[in-house]
Amino acid sequence: MPRAELAFLHDGPADARVCLVLAHGAGAPMDSPFMSWWAASLGARDIHVVRFEFPYMRQRRADGRRRPPDREYVLLQTWREVAARWPGAAIGGKSMGGRAASMVADEVGAAALVCLGYPFHPPGKPESPRIGHLAGLTVPALFVQGANDSFGRRDEVAGYRLAPGIRFAWVEGGNHDLVQRGTPPEDTWGTVVDVVAGFLAAEGGTAR
């Protein structure tokens, strides 16, 4: 079966000064409740949000079969292709999508980076951090993180050597989906969405 072609979802004003391109996480598509809420909420704050899917997720959409994420080089090459369509945009994503974005952000000349739940290490394996490239990151970055995230708790992240341009917006009691136990997801996300919008207004550059 031929590979499904790239498709995009758009939120917010098409002529907005700031554009944010977002990639999904490993297990859910670009129109998941998480991705849809963040795209709509940032779009309502005068940010043009573009969503896309990696090849394995596009194939899942085409044939309904679940499959593992693409290899890293495919994820990164897809990001390069997408970023070339929106030069000067900010980039980022949920978990895996944000991590892949962070690995190409400097290379593609992204205006800024937004990671929604960065996977600092596999759950239960803090001895295997995924942070080597983050020490030299030059793009302004905002990581929105749950303080109780099994992919990197706040106390663990505090010990990492990271680039000085990386900022954090912590969700107290939040998990990898930025959700607090017993609190509706939208209520928790609503506590940090304005932080993301403010960051992008200051650092997001001008979309072209």
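Residues numbered from 1 in each chain as written. Predicted model: local features only at pLDDT ≥ 70, side-chain atom pairs only at ≥ 80, totals over all residues. Heavy atoms only, no water.

Enquirer: I'm lost on the pairing of strand β2 (residues 18–23) in this one. Help?
Expert: The side chains of a regular strand alternate between both faces of the sheet. Burial analysis of β2 places six of its six residues in the buried class, which makes it a mostly covered element. Residues V18, L20 and L22 of β2 are buried on one face, and the alternating residues C19, V21 and A23, pointing to the opposite face, are buried as well. Where β2 lies against strand β3 (residues 47–52), six bridges are found, and the strand directions are parallel. Note that in β3 the partner of A23 across the bridge is F52. Handedness of the crossover joining β2 and β3 through helix α1 (residues 33–43): right-handed. (Buried < 20%, exposed > 50% of the residue type's maximum accessible area, 1.4 Å probe, protein only. Helix = DSSP H or I, 4+ residues; strand = E, 2+ residues; numbered from the N terminus. Pairing = 2+ DSSP bridges. Right-handed = clockwise from strand over helix to strand, strands pointing away.)

Enquirer: How should helix α4 (residues 96–108) be read in this particular structure?
Expert: Along an α-helix, residues three or four positions apart point the same way, because every turn accommodates 3.6 residues. Helix length check: α4, at 13 residues, gives a terminal C-alpha distance of 18 Å against a target of 18 Å (1.5 Å per residue), a fit within 8%. Residue S102 marks the point of greatest curvature in α4, where the axis turns by about 35 degrees. Among the residues of α4, those classed as buried are M96, G97, G98, A100, A101, S102, V104 and A105. Buried residues in α4 make contact with β2, α2 (55–63), α3 (72–85), β4 (90–94) and β5 (113–116). Immediately downstream of α4, the backbone of G109 shows phi near 70 degrees, a positive value. (Expected span 1.5 Å × (residues − 1). Bend = angle between axes of the 7 residues up to and from the residue. Contact = heavy atoms within 4.5 Å.)

Enquirer: Sorry, what's going on with the packing of aromatic side chains here?
Expert: Any two aromatic rings considered together are summarised by their centre-to-centre distance and by the angle between their planes. Following the criterion strictly, the structure yields 14 aromatic pairs and no others. Taking 5.4 Å as the distance between ring centres and 75 degrees as the angle between the ring planes, the aromatic pair formed by F52 and F54 counts as edge-to-face. The burial state of F52 is the same as that of F54; both residues are buried. Through a chain of ring-to-ring contacts, three or more aromatic side chains come together here, namely Y118, F120, F143, Y160, F168 and W170. The ring of F34 has K94 lying over it, and the distance from NZ or CZ to the ring centre is 5.3 Å. (Phe/Tyr/Trp six-rings, centres within 6.5 Å; stacked < 30°, edge-to-face > 60°. Lys NZ or Arg CZ within 6 Å of the ring centre and 35° of its normal.)

Enquirer: Help me out: how do you make sense of the sheet that holds strand β1 (residues 9–11) in this one?
Expert: Strands pair in a sheet through their backbones, by hydrogen bonds, and they do so in one of two ways: parallel or antiparallel. The strand order across the open sheet built from seven strands is β1-β3-β2-β4-β5-β6-β7, with neighbouring strands paired in mixed fashion. Each edge of the open sheet is held by one strand with a lone partner, namely β1 and β7 (166–171). The sheet shows a mean angle of 20 degrees between the axes of neighbouring strands, direction not considered. Bridge analysis of β4 against β5 gives four bridges, and the strand direction is parallel. Bridge pairing in β5 places K94 opposite L116. Those strands touched by α4 are β2, β4 and β5, and its axis lies near 160 degrees from that of β4. (Axes fitted to C-alpha atoms, helices over the stretch in contact; angles between N-to-C directions.)

Enquirer: What is the right way to look at the nonpolar core in this model?
Expert: Here is a general trend for soluble globular proteins: nonpolar side chains tend to be buried in one another's company. Among the nonpolar cores identified, the biggest contains 40 residues, and V21, F52, W79, I91, L113, F120 and F143 are the most heavily contacted of them. Those elements that place two or more of their residues in this core are β2, β3, α2, α3, α4, β5, β6 (141–146) and β7. Ranked by residues supplied to this core, first place goes to α4 with five residues. Beyond its immediate chain neighbours, meaning those up to four positions away, L113 contacts I91, G92, G98, A101, S102, L137, V139, P140, A141, L142, F143 and F199. With 28 residues, the next largest nonpolar core counts F34, V144, V196 and L200 among its residues. (Core = buried A, V, L, I, M, F, W, Y, C linked by side-chain atoms within 4.5 Å.)

Enquirer: Which parts of the structure should I look at to understand the packing of α3 against α4?
Expert: Between two packed helices, what matters for the description is the angle formed by their axes and the separation of those axes. The geometry of α3 relative to α4 is characterised by a closest axis approach of 9 Å and an angle of 60 degrees between their N-to-C directions. The pairing of α3 with α4 is recorded here as oblique in orientation. Where α3 crosses over α4, the two elements pack in a sense that is right-handed. Here α3 contributes E72, L75, L76, W79, R80 and A83 to the contact with α4, which in turn contributes M96, G97, R99, A100, A101, M103, V104, E107 and V108. In terms of residue class, the contact of α3 with α4 is built from 10 nonpolar, one polar and four charged. (Parallel < 35°, antiparallel > 145°, perpendicular 65-115°, else oblique. Left-handed = near helix turned anticlockwise from the far one by under 90°. Nonpolar A, V, L, I, M, F, W, Y, C, P; charged D, E, K, R; others polar.)

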